[in-house]
Amino acid sequence: MGEVDGLAHHAGPRIYSCCNCRCHVSDHDDIISKCFQGRNGRAYLVANVVNVSVGPKEDRHLMTGMHTVADIHCFQCQEVLGWKYEKAFEESQKYKEGKFILEKAKVMKENW
């Protein structure tokens, strides 16, 4: 990963980018699961993201219960790409804390 205009830039294959401006946001190797649901359909649970800003925390009732989440926005164009799990109230959901949802409809594959 390198820096381009102050933004992180993945150099390897299989990168996910913002669908709006093509700013790199994650690497395929950071995907934990492809079986998640976002606001706009299918989503990926990922361990790490780059070039995003994290919005304010809020409690949301999601399919798996109550969570404290914060929307993540593309650092370059401000497109909402998904959210960060800050806190899970159910013990069985604690594994999500600190991880991110990237909505499949909001990212595109590059170098595939």
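This text follows the structure it describes.
Residues numbered from 1 in each chain as written. Predicted model: local features only at pLDDT ≥ 70, side-chain atom pairs only at ≥ 80, totals over all residues. Heavy atoms only, no water.

*Asks:* Break down the sheet that holds strand S3 (residues 15–18) for me, with residues and values.
*Replies:* Taken in spatial order, the three strands make up an open sheet running S4-S3-S11, and their pairing is antiparallel. What marks the edges here is a single partner per strand, and that holds for strand S4 (24–27) and strand S11 (107–110). Each adjacent strand pair in this sheet contributes to an overall mean axis angle of 35°, direction not counted. Across four bridges, S3 lies against S11 in antiparallel orientation. Across the sheet, isoleucine 15 pairs through a bridge with glutamate 110, a residue of S11. (Pairing = 2+ DSSP bridges. Helix = DSSP H or I, 4+ residues; strand = E, 2+ residues; numbered from the N terminus. Axes fitted to C-alpha atoms, helices over the stretch in contact; angles between N-to-C directions.)

*Asks:* Could you give an account of the environment of valine 80, with specific residues and numbers?
*Replies:* Counting through the fold element by element, valine 80 comes out in strand S9 (residues 80–88). Given the relative accessible area of 25%, valine 80 is considered partly exposed. In sequence terms valine 80 and lysine 106 are 26 residues apart; their C-alpha atoms lie 7.7 Å from each other. Ignoring anything within four residues of it in the chain, the contact list for valine 80 reads Arg39, Asp71, Ile72, His73 and Lys106. (Buried < 20%, exposed > 50% of the residue type's maximum accessible area, 1.4 Å probe, protein only. Contact = heavy atoms within 4.5 Å.)

*Asks:* I'd like a rundown of the layout of surface pockets, residues and numbers included.
*Replies:* Approximately 170 Å³ is the volume attributed to the largest pocket. When contributions to the lining of the largest pocket are tallied by element, the ones reaching two or more residues are strand S5 (31–38) and S9. Here the lining of the largest pocket takes four residues from S5, the largest share from any one element. Classifying every residue of the lining of the largest pocket gives six nonpolar, three polar and two charged. (1 Å grid on protein atoms, 1.4 Å probe; cavity = no way out; pocket = protein on both sides within 12 Å on 5 of 7 lines; lining within 4 Å. Points joined across faces, edges and corners; volume = space filled by probe spheres on them. Nonpolar A, V, L, I, M, F, W, Y, C, P; charged D, E, K, R; others polar.)

*Asks:* Before we move on, could you go through the sheet that holds strand S8 (residues 65–74) and cite the residues and values that matter?
*Replies:* Within the open sheet, the six strands sit side by side as S5-S6-S10-S9-S8-S7. Their pairing is antiparallel. What marks the edges here is a single partner per strand, and that holds for S5 and strand S7 (52–62). Within this sheet the neighbouring strands show an average axis-to-axis angle of 30°, counted without direction. Across four bridges, the pairing between strand S6 (residues 41–46) and strand S10 (residues 100–103) is antiparallel.

*Asks:* Provide a residue-level description of the pairing of S7, including the pertinent values.
*Replies:* Two strands pair when backbone bridges link them, and S7 and S8 are joined in this way by nine bridges, in the antiparallel orientation. Following the sheet pairing, serine 53 is matched in S8 by histidine 73. Here S7 hands over to S8 after two residues, the two strands then running antiparallel side by side.

*Asks:* Explain the pattern of salt bridges residue by residue, including any values.
*Replies:* A complete count under the given rule lists six salt bridges for this structure. Arginine 22 is paired through a salt bridge with glutamate 110; the nearest N and O atoms lie 2.9 Å apart. Pair noted here: arginine 22 is in the loop between S3 and S4 and glutamate 110 is in strand S11, with a separation of 88 residues, a long-range link. Given the relative accessible area of 12%, glutamate 110 is considered buried. Across the pair arginine 60 and glutamate 58 runs a salt bridge, and its minimum N-O distance is 3.0 Å. The exposure class of glutamate 58 is partly exposed, given its relative accessible area of 38%. Through salt bridges with shared partners, a single ionic network connects Arg39, Glu58, Arg60 and Asp71. (Salt bridge = Lys/Arg side-chain N within 4 Å of Asp/Glu carboxyl O.)

In short, geometric facts, not functional conclusions.
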